[in-house]
Every structure is written in structure tokens, then in C-alpha cells.
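Reading the structure
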Amino acid sequence: MKTMTTSRGVLLFLLLSGSSCLHQNIILLAQSYVIDGSSSSSSSANSILSRFHNVQCQLFMTVDRTAPPPIISSSAAADDMNFTPIATGSKLGLPLDIQFTSNPCVDEEMNNESLLLGTTPPPTLSSTSSSSSFLSVEQLTTPKYVTLTGQKSVSINPGAYACELSHPSTKQYFFRFFLDFPNIVQRNDATIPAERIYFMSSCWKSEDNMINKARKWKETILKSLSKLTTQIEQMENNDTVGLVARTTSFPKYIELLKQRKQMMQQLEMLEDGFPLDRPLIDGPNDTVFLKEGVIAVKRVYGGGSGRIQTRYHWIGTFSFKDFVHNAEEEGGE
């Protein structure tokens, strides 16, 4: 699996670097070029994380799927692991105003959250450096929502946020944070459970210009695919040539088919690596975010003699509305 991931990353690198040898020699180039992001991912994540210090954010939550039972028994683990969130008949919309602070998260349990850790080792809280732990995220205002019985307020406790480089070839960062909901929030059959709620999104540094590079390369691939398809169709539909001509042109026909297959694989990898058709939003300090992210709850399965597995179940989405840098707080530090 690791070899396959590396190969896809290498090919994406070649696509985005504008290599002129992509048609005949792309596989040979891929085999000779190795990208190793293990040594730079931590420092890269720290460099982009500083861009979110003391940034205020407005977002909107939409919960429209059921969450699995909060208590998982070992006897029912097999069935519960196969739980599929079901769309509810209604939606629960909740606006949030939060701030991504520059303060280290000092809660040991929060600092060991596997989703935020990613491939990073658990932080050392004895260090005074802010990079030694996750940073805290806080609620700025009390969110409210409307039910049939009137307006209701929602209590939210602080959480933490972190950022991790997903792969050097795409320069995409996983941006994740969580908030603790101490009480159930319910509107008809749409419910936010009383537990930790996880928010997952992705972002890029604006100066890397990766999305625009990927979009331009997609245009190039589509144009090449169109030309190849036209050539192939002309050869397939040409009934006027004789047997000898067909025989001599057959190797060219096979080569065109191979080229088209390679181009289609390149297009698939490009679309897998970049959200080219999803809306984006300008983030703080020269960053770009996916406008919409995923809301999830965590469930831990197994225990006893079984292997423990952690899964995150999607219960809704959220969308970024605006980012505002808190210059006054930054200047007061």
C-alpha cells in the first residue's frame, strides 16, 4: 500500500512540475524519482499552523445524519463497526463563531487525540514551546438555533486544532479541530450528541498555487484525451483501407490506446489528489480552504482480546463563512 501511494505521489509531482516526458516515459520517470515527506511534514505543518494564530472564524454546521450508539460493547462490536449513518428527515443548522488561538492546549487527554495527531508523535507538555502541543480553539459567542418551541442556546466547551501535511506532491494540509458539546442539541430527529465533535477540512498555502496548477494540467490532459480519442475513432471507423494498410497501422492503433489509458490514469490521479470541482474560500494569511468540510463523531471498537479500532462517522457538514484576524490580541501578546 505504501509503494502504491508513493507511486501516485510521484506521478502527481511529475504532472504538476510540467515534465515534458509524460507520455512515453512517465512510468520510467516515476520509478526513478522518490518523494520522501517524512522528514519535512512536521516542520511544514508548524509553518502553516502559525498562520491561524488568533484567527476568528464564522462557520455554519449542518447535521443531517444519525450517529452510532455512544457506548460500544465488545459483544456488539462487529455489528456496530458496520454502522452506516442514515440521513435524517430534517436538518439541524447551527452557526458558530470560534477563534483559533495561539495558546497551547494544556489538557493531556486532548493532546493525545489520534485524529489531530496524525503521524505526529504525542506532544510533550513539559516543553514551553507552543509547537509541543495542539493549539486551543474557543467559542466566541453562544450559538442559537430555532425549534418548534422557540429559540435555544447551545453550550460549547473549548477544544483544540492541528494541521498536518497530507502529501508533499499535492502540498495539501489536513486541517482538523474539535469542540466539546456537553449537552444534546436536537431539532426534530436531527441530533448533535453530547460528546466531542470533530471538524475535518483541507487547506493549501496560496503561494504554492497548487489548485491553479492542477486545473491547468487537467485542461491539458482533457485536450490530449480528445485528440487521442478522435484519432482512435478515425482508425476504428475507416472501412476504406485494405487489409495490408490495416495490418501496418495496427501497432500505431495499439500505441494510441496505451497513450489514452495513461492519460486517463493521470486524470484520475489528478482528480483524486485535488478538489478541482469543489468550492474554495480564501483563508487567513495567504491560505486557501475547502469551503465545505465534514463533521464526525468518534467510535472505538474492539477491546478485550480483539484489536482496538477507531472510526469516525460522518454526521453532517460545515461551511466556512469568513475569517478575521484578531490583530488586537496578536499585538497584546
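Residues numbered from 1 in each chain as written. Predicted model: local features only at pLDDT ≥ 70, side-chain atom pairs only at ≥ 80, totals over all residues. Heavy atoms only, no water.

So, the overall build of the protein chain
Within the protein chain, the secondary structure is distributed over 8 helices and 14 strands. Each of the 333 residues in the protein chain was classed as buried or not, and the buried ones make up 42%. Counting contacts in the protein chain only where the partners sit at least 6 residues apart, residues at least 24 apart contribute 71% of the total. (Helix = DSSP H or I, 4+ residues; strand = E, 2+ residues; numbered from the N terminus. Buried < 20%, exposed > 50% of the residue type's maximum accessible area, 1.4 Å probe, protein only. Contact = heavy atoms within 4.5 Å.)

A word on the pattern of salt bridges
The full count for this structure, using the stated rule, is 10 salt bridges. Between R196 and E109 there is a salt bridge whose closest N-O contact spans 3.1 Å. Taken together, the residues span a long stretch of sequence, with R196 in strand 10 (residues 196-205) and E109 in the loop between strand 2 (87-104) and helix 5 (114-117) at a distance of 87 residues. Taking relative accessible area as the criterion, R196 reaches 13% and is therefore assigned buried. Residue class for E109 comes out partly exposed when judged on its relative accessible area of 46%. Note that R299 is salt-bridged to E195, the shortest N-O span being 2.8 Å. Highlighted residues: R299 in strand 13 (residues 292-303) and E195 in the loop between strand 9 (190-192) and strand 10, separated in sequence by 104 residues. Like E195, R299 is buried. (Salt bridge = Lys/Arg side-chain N within 4 Å of Asp/Glu carboxyl O.)

Notes on the side chain of S90
Mapped onto the fold, S90 is located in strand 2. Note on S90: relative accessible area 12%, which makes it buried. A distance of 2.6 Å separates polar atoms of two side chains, one belonging to S90 and the other to D189. Sequence-distant contacts of S90, that is, excluding residues within four places in its chain, are made with V63, D64, R187, N188, D189 and A190. (Polar contact = N/O pair within 3.5 Å; in protein donor to acceptor, adjacent residues only side chain to side chain.)

Some words on helix 6 (residues 210-237)
Taking 1.5 Å of rise per residue, the 28 residues of helix 6 would be expected to cover 40 Å, and the 40 Å separating its terminal C-alpha atoms lies within 8% of that figure. Considered for burial, the residues of helix 6 that qualify are M210, I211, A214, W217, K218, I221, S224, L225, L228 and I232. (Expected span 1.5 Å × (residues − 1).)

Some words on the environment of S50
Tracing the chain through its elements places S50 in the loop between helix 3 (41-49) and strand 1 (55-65). Sequence separation of S50 and T101 is 51 residues, and the distance between their C-alpha atoms is 9.8 Å.

A look at the environment of A160
Along the chain, A160 turns up in strand 6 (residues 157-167). Sequence separation between A160 and V106 is 54 residues, and the spatial gap between their C-alpha atoms is 9.7 Å. Sequence-distant contacts of A160, that is, excluding residues within four places in its chain, are made with C105, L116, F134, L135, S136, V137, R176, F177 and F178.

Examining the nonpolar core
With 40 residues, the main nonpolar core has L59, M61, F177, F181 and F199 as its most contacted residues. Setting aside anything within four residues of it in sequence, one finds M61 in contact with L92, G93, L94, L96, F181, I192, F199, I295, T317 and F318. Counting residues in hydrophobic clusters, the runner-up holds 17 residues, among them A214, I221, L228 and Y253. (Core = buried A, V, L, I, M, F, W, Y, C linked by side-chain atoms within 4.5 Å.)

Quick notes on the confidence of the model for the protein chain
Scored by pLDDT, the protein chain comes out at a mean of 78, with 71% of its residues at no less than 70. Note that residues 1-7 has pLDDT below 50 and, in this model, 2 contacts with residues that lie over four places away or in other chains. Confidence drops under pLDDT 50 across residues 18-40; counting only partners more than four residues distant or on other chains, this segment forms 33 contacts. (pLDDT = per-residue confidence, 0-100.)

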